[in-house]
Amino acid sequence: NIQDRVRIVQGDVRQLDPADWREVDQDLIMMSFMGHDMWPRENALRVFRRLRDCFNRCQCFLMSDTVLSINESSADQIFTRGFHLSHAIMGKYIPTIAEWQSLFLETGWTLEERKPLGVPHTYMFALVPAA
């Protein structure tokens, strides 16, 4: 039964307590389009380290997000400029792919694969615990 194998938790990912997750057997973490909300970098480092601490038995972390694009084709301009403008108005920083990759390494995650999701500059990052 799927409800016996899946646990959905609503809460603030920035406030996770490792003690709450010690007895939880987890295989997969999913984060969809909220990674950039964890920045600035110091905050994102804290959140991604805490994910490793809380979910220390996790074998796969799938994170999807849109990254900052320096070069864009004319086909991408409407989405990309709108995305950048709306996030600038909200005061939200958008990291580049290189910034994400550096953060993954520093927080104990290894990037196994990066797949485009069909939206300009938007990817699914498949991460595994670093050895």
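Above this text sits the structure in question.
All figures in this text were calculated on a predicted structure; none of them were measured in a lab.

## Regarding the state of the cysteines
Counting across every chain of the model gives 0 disulfides. Considering cysteine sulfurs only, Cys-58 is the nearest to Cys-54, which forms no disulfide, with 11 Å between them. Cysteine Cys-58 remains unbridged, with the sulfur of Cys-60 as its closest cysteine sulfur at 6.6 Å. Classification of Cys-58 as buried rests on a relative accessible area of 1%.

## Quick look at unusual backbone geometry
Despite not being glycine, Phe-33 has its phi angle at roughly 55°, a positive value. You can see Phe-33 is positioned in the loop between β1 (28-32) and α1 (41-54). Within the chain, His-121 stands out as a residue other than glycine whose phi angle is a positive 60°. Within the secondary structure layout, His-121 lies in the loop between β3 (109-116) and β4 (122-129).

The rules behind each value
- Residues numbered from 1 in each chain as written.
- Predicted model: local features only at pLDDT ≥ 70, side-chain atom pairs only at ≥ 80, totals over all residues.
- Heavy atoms only, no water.
- Disulfide = S-S within 2.5 Å.
- Buried < 20%, exposed > 50% of the residue type's maximum accessible area, 1.4 Å probe, protein only.
- Helix = DSSP H or I, 4+ residues; strand = E, 2+ residues; numbered from the N terminus.

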